[in-house]
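Listed below, chain by chain, are the residues.
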Amino acid sequence: MVFHRVVQVGRVVFISEGKDEGKLATIVNVIDGNRVLIDGPTSGVVRGVRNLKELQLTKFTAAVEEAKVDEQFKKSAWAKKIQQKALKSRMTDFDRYKLMRAKQMRNRIIRVELAKLKKAQK
Amino acid sequence: MVGKTKPTIGRNFDLSPGVLRFSTARLRLKRGQKTPLKTVTKQTEKPLALQRTGQKFKLGHSQKHSTKKAIAPGTVLIILAGRHKGKRVVFLKNLPSGLLLVTGPHKLNGCPLRRIAPAFVIKTSLKIDVAGVKVPDHINDDYFKRKSLIEYKVTEERKKDTKSIDTSILASIKKNKDHKLLMGYLATLFSLGKNQYPHNLIF
(Lines give C-alpha, C1' and ligand atoms only; values in the text may rest on other atoms or scores of the structure.)
Protein backbone atom coordinates (compact mmCIF):
# COMPACT_ATOMS: atom_id res chain seq x y z
CA MET A 1 0.00 0.00 0.00
CA VAL A 2 1.30 3.36 -0.98
CA PHE A 3 0.54 6.39 1.12
CA HIS A 4 -0.12 9.52 -0.84
CA ARG A 5 -0.66 11.80 2.11
CA VAL A 6 2.30 11.93 4.43
CA VAL A 7 3.18 14.07 7.40
CA GLN A 8 5.65 16.55 5.96
CA VAL A 9 6.55 20.21 6.24
CA GLY A 10 4.07 22.13 4.12
CA ARG A 11 1.26 19.56 4.37
CA VAL A 12 -2.11 21.22 4.81
CA VAL A 13 -4.08 19.66 7.68
CA PHE A 14 -7.70 19.83 8.74
CA ILE A 15 -8.17 20.34 12.49
CA SER A 16 -10.82 17.83 13.49
CA GLU A 17 -11.09 18.43 17.23
CA GLY A 18 -10.12 20.79 20.00
CA LYS A 19 -9.35 24.46 19.51
CA ASP A 20 -9.86 25.85 15.98
CA GLU A 21 -11.98 22.85 15.07
CA GLY A 22 -12.86 22.75 11.39
CA LYS A 23 -10.07 25.07 10.26
CA LEU A 24 -7.18 24.46 7.90
CA ALA A 25 -3.54 24.89 8.86
CA THR A 26 -0.12 23.95 7.51
CA ILE A 27 2.56 21.82 9.10
CA VAL A 28 5.60 24.03 9.74
CA ASN A 29 7.75 21.53 11.57
CA VAL A 30 7.57 17.88 12.60
CA ILE A 31 8.46 17.45 16.26
CA ASP A 32 8.15 13.71 16.69
CA GLY A 33 5.99 10.81 15.61
CA ASN A 34 2.96 12.26 17.34
CA ARG A 35 3.25 16.02 17.34
CA VAL A 36 3.74 18.73 14.75
CA LEU A 37 4.07 22.48 14.76
CA ILE A 38 1.26 24.04 12.74
CA ASP A 39 0.42 27.52 11.61
CA GLY A 40 -2.53 28.99 9.75
CA PRO A 41 -2.26 32.76 9.32
CA THR A 42 -5.02 32.99 6.72
CA SER A 43 -7.46 30.77 8.59
CA GLY A 44 -6.75 32.33 11.97
CA VAL A 45 -4.96 29.38 13.55
CA VAL A 46 -2.27 30.50 15.98
CA ARG A 47 1.13 28.88 15.49
CA GLY A 48 1.47 26.06 17.97
CA VAL A 49 2.16 22.41 18.64
CA ARG A 50 -0.68 19.98 18.03
CA ASN A 51 -1.00 16.26 18.36
CA LEU A 52 -1.49 14.46 15.07
CA LYS A 53 -4.51 12.68 16.53
CA GLU A 54 -6.37 15.99 16.36
CA LEU A 55 -5.37 16.60 12.77
CA GLN A 56 -6.40 15.05 9.47
CA LEU A 57 -4.12 15.25 6.47
CA THR A 58 -5.54 16.81 3.32
CA LYS A 59 -4.32 16.16 -0.19
CA PHE A 60 -2.84 19.66 -0.43
CA THR A 61 0.68 20.80 0.29
CA ALA A 62 1.74 24.41 0.70
CA ALA A 63 3.14 24.40 -2.82
CA VAL A 64 -0.23 25.92 -3.62
CA GLU A 65 -0.77 29.31 -2.05
CA GLU A 66 -2.63 29.24 1.23
CA ALA A 67 -5.63 31.24 -0.02
CA LYS A 68 -6.08 29.00 -2.99
CA VAL A 69 -5.93 25.92 -0.82
CA ASP A 70 -8.89 27.22 1.07
CA GLU A 71 -10.89 27.62 -2.14
CA GLN A 72 -9.85 24.25 -3.42
CA PHE A 73 -10.72 22.58 -0.17
CA LYS A 74 -14.20 24.06 -0.29
CA LYS A 75 -14.72 22.41 -3.66
CA SER A 76 -13.65 18.99 -2.39
CA ALA A 77 -16.09 16.22 -1.57
CA TRP A 78 -14.80 16.26 1.99
CA ALA A 79 -15.83 19.89 2.54
CA LYS A 80 -19.19 19.28 0.95
CA LYS A 81 -19.78 16.39 3.30
CA ILE A 82 -19.02 18.61 6.29
CA GLN A 83 -21.47 21.20 5.01
CA GLN A 84 -24.18 18.64 4.46
CA LYS A 85 -23.69 17.22 7.93
CA ALA A 86 -24.11 20.67 9.43
CA LEU A 87 -27.24 21.26 7.35
CA LYS A 88 -28.70 17.95 8.38
CA SER A 89 -28.12 18.59 12.06
CA ARG A 90 -30.05 21.84 11.79
CA MET A 91 -33.14 20.19 10.31
CA THR A 92 -36.39 20.32 12.24
CA ASP A 93 -38.85 17.46 12.50
CA PHE A 94 -40.96 18.80 9.62
CA ASP A 95 -37.82 19.26 7.50
CA ARG A 96 -36.92 15.63 8.06
CA TYR A 97 -40.39 14.61 6.92
CA LYS A 98 -40.09 16.74 3.78
CA LEU A 99 -36.71 15.22 3.02
CA MET A 100 -38.16 11.75 3.42
CA ARG A 101 -40.96 12.54 0.96
CA ALA A 102 -38.50 14.07 -1.52
CA LYS A 103 -36.36 10.95 -1.37
CA GLN A 104 -39.42 8.78 -1.91
CA MET A 105 -40.35 10.80 -4.99
CA ARG A 106 -36.83 10.60 -6.39
CA ASN A 107 -36.63 6.85 -5.86
CA ARG A 108 -40.00 6.38 -7.49
CA ILE A 109 -38.85 8.21 -10.62
CA ILE A 110 -35.65 6.17 -10.73
CA ARG A 111 -37.57 2.93 -10.32
CA VAL A 112 -39.97 3.77 -13.12
CA GLU A 113 -37.19 4.76 -15.50
CA LEU A 114 -35.22 1.64 -14.70
CA ALA A 115 -38.24 -0.53 -15.36
CA LYS A 116 -38.69 1.16 -18.73
CA LEU A 117 -35.07 0.50 -19.67
CA LYS A 118 -35.35 -3.11 -18.62
CA LYS A 119 -38.46 -3.54 -20.69
CA ALA A 120 -36.82 -1.97 -23.73
CA GLN A 121 -33.90 -4.34 -23.47
CA LYS A 122 -36.03 -7.48 -23.54
CA MET B 1 -40.74 -42.39 61.68
CA VAL B 2 -38.15 -40.22 60.19
CA GLY B 3 -39.99 -38.55 57.33
CA LYS B 4 -42.61 -36.88 59.48
CA THR B 5 -40.75 -33.68 60.23
CA LYS B 6 -41.64 -30.79 57.98
CA PRO B 7 -38.97 -29.87 55.46
CA THR B 8 -37.72 -26.35 56.05
CA ILE B 9 -37.60 -24.08 53.09
CA GLY B 10 -34.70 -21.74 53.22
CA ARG B 11 -35.44 -18.07 53.06
CA ASN B 12 -32.32 -17.42 51.11
CA PHE B 13 -32.16 -17.76 47.35
CA ASP B 14 -29.83 -16.89 44.53
CA LEU B 15 -30.27 -13.55 42.88
CA SER B 16 -27.69 -14.60 40.33
CA PRO B 17 -25.09 -17.38 40.53
CA GLY B 18 -23.05 -16.78 43.65
CA VAL B 19 -25.07 -13.78 44.80
CA LEU B 20 -27.53 -14.46 47.60
CA ARG B 21 -30.56 -12.38 48.37
CA PHE B 22 -29.89 -12.14 52.14
CA SER B 23 -26.59 -11.81 53.94
CA THR B 24 -25.64 -14.13 56.81
CA ALA B 25 -26.16 -11.34 59.28
CA ARG B 26 -29.58 -10.64 57.89
CA LEU B 27 -30.57 -14.29 58.15
CA ARG B 28 -29.41 -14.49 61.75
CA LEU B 29 -31.51 -11.48 62.46
CA LYS B 30 -34.49 -13.13 60.85
CA ARG B 31 -33.97 -16.33 62.79
CA GLY B 32 -34.01 -14.35 65.97
CA GLN B 33 -30.46 -15.21 66.97
CA LYS B 34 -29.53 -11.60 66.98
CA THR B 35 -31.45 -8.56 68.04
CA PRO B 36 -31.11 -5.36 66.08
CA LEU B 37 -29.37 -2.51 67.77
CA LYS B 38 -31.80 -0.05 69.09
CA THR B 39 -30.90 3.50 68.46
CA VAL B 40 -31.90 5.82 71.21
CA THR B 41 -32.89 9.19 70.02
CA LYS B 42 -32.65 12.05 72.39
CA GLN B 43 -35.78 14.01 72.87
CA THR B 44 -35.01 17.64 72.43
CA GLU B 45 -37.45 20.15 73.68
CA LYS B 46 -36.75 22.92 71.24
CA PRO B 47 -36.71 22.22 67.52
CA LEU B 48 -33.31 22.69 66.01
CA ALA B 49 -32.65 25.74 63.93
CA LEU B 50 -33.11 24.02 60.60
CA GLN B 51 -35.68 21.48 61.72
CA ARG B 52 -39.02 21.52 60.04
CA THR B 53 -42.05 21.70 62.25
CA GLY B 54 -45.60 21.10 61.27
CA GLN B 55 -46.89 19.58 58.10
CA LYS B 56 -44.35 19.09 55.38
CA PHE B 57 -46.76 19.16 52.52
CA LYS B 58 -50.22 20.41 52.06
CA LEU B 59 -52.54 17.49 51.58
CA GLY B 60 -54.37 17.10 48.31
CA HIS B 61 -53.49 18.45 44.93
CA SER B 62 -53.34 22.11 44.31
CA GLN B 63 -55.91 23.06 41.77
CA LYS B 64 -53.76 25.18 39.53
CA HIS B 65 -50.55 24.26 37.82
CA SER B 66 -48.49 26.43 35.61
CA THR B 67 -46.99 24.87 32.52
CA LYS B 68 -43.21 25.04 32.51
CA LYS B 69 -42.68 25.69 28.87
CA ALA B 70 -45.04 28.13 27.29
CA ILE B 71 -46.48 26.48 24.22
CA ALA B 72 -48.23 28.66 21.71
CA PRO B 73 -51.59 27.46 20.37
CA GLY B 74 -51.22 25.78 17.01
CA THR B 75 -47.86 24.23 17.83
CA VAL B 76 -47.43 20.70 16.57
CA LEU B 77 -46.55 18.29 19.36
CA ILE B 78 -45.29 14.73 19.24
CA ILE B 79 -47.05 12.49 21.74
CA LEU B 80 -44.65 10.13 23.52
CA ALA B 81 -46.87 8.02 25.74
CA GLY B 82 -50.29 6.48 25.83
CA ARG B 83 -52.36 4.96 23.10
CA HIS B 84 -51.62 7.82 20.71
CA LYS B 85 -47.86 7.72 21.11
CA GLY B 86 -45.85 8.72 18.09
CA LYS B 87 -48.61 10.86 16.67
CA ARG B 88 -48.10 14.46 15.69
CA VAL B 89 -50.95 16.50 17.04
CA VAL B 90 -52.00 20.14 17.17
CA PHE B 91 -51.92 21.94 20.49
CA LEU B 92 -54.96 24.09 21.26
CA LYS B 93 -55.00 25.34 24.82
CA ASN B 94 -53.54 25.09 28.30
CA LEU B 95 -56.05 23.78 30.80
CA PRO B 96 -56.11 24.89 34.47
CA SER B 97 -55.13 21.37 35.56
CA GLY B 98 -51.82 21.77 33.76
CA LEU B 99 -52.78 19.40 31.00
CA LEU B 100 -52.65 20.32 27.35
CA LEU B 101 -55.69 20.28 25.11
CA VAL B 102 -54.74 18.70 21.79
CA THR B 103 -56.42 17.34 18.71
CA GLY B 104 -55.14 15.11 15.88
CA PRO B 105 -57.00 16.31 13.80
CA HIS B 106 -58.95 13.07 14.12
CA LYS B 107 -59.45 12.78 10.39
CA LEU B 108 -55.69 12.75 9.76
CA ASN B 109 -54.24 10.58 12.50
CA GLY B 110 -57.11 9.30 14.60
CA CYS B 111 -56.32 11.35 17.68
CA PRO B 112 -59.49 12.98 18.98
CA LEU B 113 -59.84 16.09 21.08
CA ARG B 114 -58.11 15.06 24.30
CA ARG B 115 -55.88 16.10 27.15
CA ILE B 116 -52.22 15.16 27.59
CA ALA B 117 -49.62 15.91 30.22
CA PRO B 118 -46.86 18.27 29.04
CA ALA B 119 -44.19 15.79 30.16
CA PHE B 120 -45.44 13.33 27.57
CA VAL B 121 -44.97 15.52 24.53
CA ILE B 122 -42.14 16.94 22.47
CA LYS B 123 -42.69 20.45 21.24
CA THR B 124 -41.81 21.00 17.60
CA SER B 125 -40.97 24.27 15.92
CA LEU B 126 -43.81 23.88 13.46
CA LYS B 127 -46.88 26.00 14.05
CA ILE B 128 -50.24 25.88 12.40
CA ASP B 129 -52.38 28.98 12.26
CA VAL B 130 -55.26 28.41 14.67
CA ALA B 131 -56.36 32.02 15.00
CA GLY B 132 -59.75 31.14 13.53
CA VAL B 133 -60.23 28.10 15.75
CA LYS B 134 -62.51 28.71 18.70
CA VAL B 135 -62.45 26.28 21.60
CA PRO B 136 -65.91 26.37 23.21
CA ASP B 137 -66.05 27.18 26.94
CA HIS B 138 -67.70 23.91 27.88
CA ILE B 139 -64.53 22.04 26.90
CA ASN B 140 -62.65 22.15 30.20
CA ASP B 141 -61.18 19.66 32.65
CA ASP B 142 -64.61 18.59 33.89
CA TYR B 143 -65.64 17.80 30.34
CA PHE B 144 -62.95 15.11 30.13
CA LYS B 145 -63.47 13.64 33.59
CA ARG B 146 -64.89 10.14 33.76
CA LYS B 147 -68.48 10.37 34.91
CA SER B 148 -68.92 6.75 35.99
CA LEU B 149 -66.90 3.60 36.58
CA ILE B 150 -68.54 1.79 33.69
CA GLU B 151 -66.24 1.31 30.72
CA TYR B 152 -66.00 4.51 28.73
CA LYS B 153 -67.62 4.77 25.39
CA VAL B 154 -67.19 7.73 23.10
CA THR B 155 -70.18 9.95 23.48
CA GLU B 156 -71.90 11.68 20.60
CA GLU B 157 -71.13 15.00 22.26
CA ARG B 158 -67.38 14.39 22.06
CA LYS B 159 -67.60 13.23 18.48
CA LYS B 160 -69.45 16.40 17.61
CA ASP B 161 -67.01 18.67 19.42
CA THR B 162 -63.97 16.99 17.88
CA LYS B 163 -65.50 17.34 14.47
CA SER B 164 -66.41 20.99 14.85
CA ILE B 165 -62.91 21.95 16.04
CA ASP B 166 -61.16 19.76 13.50
CA THR B 167 -63.02 21.17 10.53
CA SER B 168 -61.81 24.67 11.31
CA ILE B 169 -58.24 23.43 11.84
CA LEU B 170 -58.29 21.49 8.59
CA ALA B 171 -59.60 24.58 6.82
CA SER B 172 -56.70 26.64 8.12
CA ILE B 173 -54.21 23.94 7.11
CA LYS B 174 -55.74 23.95 3.63
CA LYS B 175 -54.89 27.62 3.30
CA ASN B 176 -51.22 26.82 3.78
CA LYS B 177 -49.01 26.77 0.70
CA ASP B 178 -47.74 23.22 1.16
CA HIS B 179 -50.83 21.86 2.84
CA LYS B 180 -50.40 18.46 1.23
CA LEU B 181 -47.07 17.97 2.98
CA LEU B 182 -48.49 19.30 6.23
CA MET B 183 -51.38 16.86 6.13
CA GLY B 184 -49.05 14.00 5.34
CA TYR B 185 -46.78 15.10 8.18
CA LEU B 186 -49.60 15.09 10.71
CA ALA B 187 -50.80 11.75 9.43
CA THR B 188 -47.47 9.95 9.82
CA LEU B 189 -46.05 8.61 13.04
CA PHE B 190 -42.84 9.88 14.49
CA SER B 191 -40.04 7.36 14.84
CA LEU B 192 -36.33 7.30 15.34
CA GLY B 193 -34.11 5.80 12.68
CA LYS B 194 -30.69 4.26 12.94
CA ASN B 195 -28.12 6.55 14.54
CA GLN B 196 -30.80 9.08 15.42
CA TYR B 197 -30.74 10.18 19.02
CA PRO B 198 -33.49 12.42 20.37
CA HIS B 199 -31.07 14.49 22.43
CA ASN B 200 -29.13 15.35 19.28
CA LEU B 201 -32.15 16.21 17.19
CA ILE B 202 -33.84 19.52 16.71
CA PHE B 203 -37.60 19.41 16.73
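Residues numbered from 1 in each chain as written. Chains lettered and ligands numbered in written order. Predicted model: local features only at pLDDT ≥ 70, side-chain atom pairs only at ≥ 80, totals over all residues. Heavy atoms only, no water.

1. Things to note about the confidence of the model for chain B
Residues and elements named next belong to chain B.
Next, step 1: Per-residue pLDDT for chain B averages 83, and the proportion of residues at 70 or more is 79%.
Next, step 2: For chain B, per-element mean pLDDT is lowest for helix α1 (residues 24-31), which scores 81, and highest for strand β3 (residues 75-79), which scores 94.
Next, step 3: Interface predicted TM-score (ipTM) for the complex: 0.71; the corresponding pTM is 0.68. (pLDDT = per-residue confidence, 0-100. Helix = DSSP H or I, 4+ residues; strand = E, 2+ residues; numbered from the N terminus.)

2. Things to note about the packing of aromatic side chains
Next, step 1: Applying the stated criterion to the full structure yields eight aromatic pairs over all chains.
Next, step 2: Seen in terms of ring centroids, tyrosine 143 of chain B and phenylalanine 144 of chain B are 5.0 Å apart; in terms of plane orientation they differ by 90°. Their pairing is edge-to-face.
Next, step 3: Take phenylalanine 144 of chain B: its relative accessible area is 7%, and that puts it in the buried class.
Next, step 4: Counting every residue linked through ring pairs, the aromatic cluster contains Phe14, Phe73 and Trp78 of chain A.
Next, step 5: Across from the ring centre of phenylalanine 203 of chain B, 5.6 Å away, lies the NZ or CZ of arginine 96 of chain A, which sits over that ring.
Next, step 6: For the cation-ring pair, arginine 158 of chain B lies above tyrosine 143 of chain B, with the distance from its terminal atom to the ring centre recorded as 5.5 Å. (Phe/Tyr/Trp six-rings, centres within 6.5 Å; stacked < 30°, edge-to-face > 60°. Buried < 20%, exposed > 50% of the residue type's maximum accessible area, 1.4 Å probe, protein only. Lys NZ or Arg CZ within 6 Å of the ring centre and 35° of its normal.)

3. Focus: the sheet that holds strand β5 (residues 55-61) of chain A
Residue and element names in this part refer to chain A.
Next, step 1: Taken in spatial order, the five strands make up an open sheet running β4-β3-β2-β1-β5, and their pairing is antiparallel. In this open sheet, the two strands that pair with only one neighbour each are β4 (45-51) and β5. Strand after strand, the sheet turns through a mean of 40° between neighbouring axes, direction not considered.
Next, step 2: Where strand β1 (residues 11-15) lies against strand β2 (residues 24-30), three bridges are found, and the strand directions are antiparallel. (Pairing = 2+ DSSP bridges. Axes fitted to C-alpha atoms, helices over the stretch in contact; angles between N-to-C directions.)

4. What about the packing of helix α4 (residues 156-175) of chain B against helix α5 (residues 179-187) of chain B?
Residue and element names in this part refer to chain B.
Next, step 1: Between α4 and α5, the shortest axis-to-axis distance is 7 Å and the interhelical angle comes to 135°. Considering the angle they form, α4 stands oblique to α5. Between α4, through Leu170, Ile173 and Lys174, and α5, the contact on the second element is made entirely by His179, Leu182, Met183 and Leu186.
Next, step 2: Classifying every residue of the contact of α4 with α5 by side-chain character gives five nonpolar, one polar and one charged. (Parallel < 35°, antiparallel > 145°, perpendicular 65-115°, else oblique. Contact = heavy atoms within 4.5 Å. Nonpolar A, V, L, I, M, F, W, Y, C, P; charged D, E, K, R; others polar.)

5. Some details on the environment of asparagine 34 of chain A
Residues and elements named next belong to chain A.
Next, step 1: Among the secondary structure elements, asparagine 34 is positioned in the loop between β2 and β3 (35-40).
Next, step 2: It is 5.7 Å that separates the C-alpha atoms of asparagine 34 and asparagine 51, two residues lying 17 residues apart in sequence.
Next, step 3: Setting aside chain neighbours within four positions, we find asparagine 34 in contact with Arg50, Asn51 and Leu52.

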